[in-house]
Amino acid sequence: MRALAPLWLWAQLRHEVFVLPSRSLILAACVALLALPLAYSDAYVLRIFTMTAIFAIYAASWDLLAGYTGQVNFGHALFFGVGAYTSALLSLRLGISPWLSVPAGSIAAMASGVLVGIPCLRLRGSYLSLATLAFPLILTGVLFAFPDFSGGELGVSGLKRLVATPVANYYVAVIAMLAACFAMWKIGDSNTGLIFHAIREDEVAARASGINTPRYKLLAFALSAMFAGIAGALFAHFMRGAGPSSLEVALSFQAVIWGIFGGIATIIGPVIAVFVLYPLTELLGGIDIFKDIRLLLFAVIVLLVLLFMPRGLTPWVRDRIELVCPRCKNRNVVTRHACRLCGASLE
Amino acid sequence: MFQDILVTGLVNGGVYALLAIGFSLIFGVARIVNIAHTAFYMLASYALYGLLFKAGLPLFAAVVLAVVAVVLLSLVCYKLVIEPVRQHESAVLIATIALALIFQESLLVAFGGSFLGIPAAVDGYASVLGVRVSYQRLIILVVVAAALGATWFLLNRTRLGLAIRAAANDQEIANLMGINVNRVAMITVGISVALAAIAGVVVAPVFVIDPLMWLSPLVTMLAIVVLGGLGSLKGSLIGAFIIGYVEAITVFAVPSGAYLKGAVALSIMVIVLLIRPEGLFGVAFEEER
């Protein structure tokens, strides 16, 4: 039985992954990410990619809520900030090990997700987006009003890192990112994910089909907030501090930009968007002539890409390299003439 | 203190009303959630600063030119950036965010990140209800009242206003009745940005100007619009004064209120939404399918 395991794995890879270029590319990217420090262990590059991985969790968690469930959240930084502040304050004030404070941060973020989700159950569409913008700012105001506890405008600093070396930090972030994104992708692919899709497409029809939509919307808020909280807590420990910048409007908008730029309701789309945009802006910032205008260039690039690919980067690319079978709706390489599963003609 | 609250709330509420009504108009007619709305307000402040101190124009010419330039810029942006992606709601959203970021960063490059100030057009104080109110704030009140009156007249007493209201009510029917909805949308963008630009020009001498000044009024404006009911002009007007007074009361009457004013205003919005999810004057949700 044990001897068969590699064979089974190979069969899975061959029939499920290598048949589609998008899946092969993603697998190659994962392997490349895990192998990066072996080939290139410059501390600066590793730092950029560690941050990229952390923000990728954050962007993907926005997609789980906004892309799948259609609850377009403009205040996603709240969950990131709650995760960051909780784990930072716990580990500073109570001296808890970072390995415990990160999960604690994500649980606190999950609680905040439920707390925010309850009033949001009654809101819809643009109302929800604009109302959610308020929550991180309310928390910022409260934190500023109690500077002794929260560190006020400077935030708190002096945290311990999870692990000591840059390479180890890189692996913590990348493995957390791969695990979290795989989990979110699995959730999106499951029965629950199907219900999330249904709620986004037509909430009334979903309710008429016997789905308890408030419960599933709360679940989406809680799950999304939990993952964003993990990202926030990892960020706090990596940056060795948490400040009000983790609750800023700019960070909330960043999630929206990453999510829509990469293509919503794909999980992988926002992750790719972060991996394209974040290192790009950092690299541009490293070149002297672009130093002052890197955010400007960032915005211009986003705008231009969007004019040509209004549905986002990932769906656009995937439509170029893969075809949907008209009969069974499965995807095929663009070079095939007949569907790989049902044999229907793709012409 | 009571009089302070009364006057500050009135002035801030008026400025918020200009911003919120412009935002509501554009949302009602074109269904665009224009995140860049307050960025145009910021652009107008900077344009006034640039025209006054870099080009050396006289005050009146600078004010008019600043408003006109910002409106023209907004129309160009609408044509080039928003219209090609109008069918994709999410793309419009991030296009407006990207526009706002572009304005912010361009101003950062052109003027630097430091706080700038414009001296008041008219110095001195008047005594209203026993409070010393600077003439500049009185000018703000007068201009706000005039702009709101003009908007009301345009919307309710002209054929163009009728077309705008019809398009806001039902795009398809308006189109069928022979209204050029695309042109109406474009004109509405112009009017809405003009209101924002007027607000930006009148507050420039009172507030400090910096490339991040669009963020805080943006949040307050969105809160007002949601509080009053999306797309409802009456709601925006009343919401603006509610939020203006709530902020003034928090700043003057609550310890460390300056930090909390945003939080209190936004909490009021959340509470109103809990009781009336469609806002104070919003129409109840129709299922859009």
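Residues numbered from 1 in each chain as written. Chains lettered and ligands numbered in written order. Predicted model: local features only at pLDDT ≥ 70, side-chain atom pairs only at ≥ 80, totals over all residues.

Q: Pulling in residues and values, what's your account of the overall build of chain B?
A: Counting its regular elements, chain B contains 11 helices and two strands. Listing every helix and strand of chain B by position from the N terminus yields α-α-α-α-β-β-α-α-α-α-α-α-α. By the compact-globule yardstick of 19 Å for 289 residues, chain B fits well, its C-alpha radius of gyration being 19 Å. Here the C-alpha coordinates of chain B stretch approximately 55 × 50 × 35 Å along the principal axes. The buried share of chain B, taken over its 289 residues, is 51%. By sequence separation, contacts in chain B at least 24 residues apart represent 71% of the contacts at least 6 residues apart. (Helix = DSSP H or I, 4+ residues; strand = E, 2+ residues; numbered from the N terminus. Rg over C-alpha atoms; globule rule 2.2 N^0.38 Å. Buried ≥ 20, exposed ≤ 12 C-beta atoms within 10 Å, placed from the backbone. Contact = placed C-beta atoms within 7 Å.)

Q: Which residues make up the domain arrangement of chain A, and what are the values?
A: The extent of an interface is frequently quoted as the accessible surface area lost upon association of the parts. Residue and element names in this part refer to chain A. One can read the domain layout of chain A as domain 1 (41-311) and domain 2 (312-347). Summarising the inter-unit geometry, the C-alpha centres of domain 1 and domain 2 are found 32 Å apart. Of the residues forming the side of domain 1 that touches domain 2, the biggest block, four residues, is contributed by helix 14 (residues 268-286). Partitioning the side of domain 1 that touches domain 2 into residue classes produces eight nonpolar, four polar and one charged. (Domains from an automatic or database assignment. Nonpolar A, V, L, I, M, F, W, Y, C, P; charged D, E, K, R; others polar.)

Q: Tell me about unusual backbone geometry, and name the residues and values.
A: Residue and element names in this part refer to chain A. In this model, Arg240 sits at a positive phi of 60 degrees, which is unusual for a non-glycine residue. Residue position: Arg240 is located in the loop between helix 12 (213-239) and strand 2 (241-242). Even without being a glycine, Lys329 presents a positive backbone phi close to 65 degrees. Checked against the element boundaries, Lys329 lands in the loop between strand 3 (322-324) and strand 4 (331-333).

Q: With reference to specific residues and values, describe the environment of A:Cys325.
A: Residue and element names in this part refer to chain A. Along the chain, Cys325 turns up in the loop between strand 3 and strand 4. When the C-alpha atoms of Cys325 and Ile195 are compared, they prove to be 24 Å apart, with 130 residues separating the residues in sequence. Those residues in contact with Cys325 that sit more than four places away from it in its chain are Asn330, Asn332, Cys339, Cys342, Ala344 and Leu346.

Q: Which residues make up the interface of chain A and chain B, and what values go with them?
A: If you look at the interface, chain A gives 37 residues, while chain B gives 39 residues. Broken down by secondary-structure element, the contributors of at least two residues to the side of chain A that touches chain B are helix 6 (125-132), helix 7 (134-145), helix 13 (249-262) and helix 15 (294-308) of chain A. By residue number, the principal contributor to the side of chain A that touches chain B is helix 15 of chain A, which donates eight residues. A breakdown of the residues in the side of chain A that touches chain B according to their chemical character gives 30 nonpolar, two polar and five charged.

Q: Any chance you could break down helix 10 (residues 191-201) of chain A for me, citing the residues and the numbers?
A: All names here are of chain A. Restricting attention to buried positions, one finds in helix 10 the residues Gly193, Ile195, Phe196 and Ile199. The buried residues of helix 10 occupy an angular sector of 155 degrees when projected down its axis, which confines them to one face. Of the residues in helix 10, the exposed ones pointing more than 90 degrees away from the buried face are Asn191 and Glu201. Tucked into the core, helix 10 has its buried residues touching helix 3 (43-68), helix 9 (166-189), helix 11 (203-208) and helix 12. (Arc of directions from axis to C-beta.)

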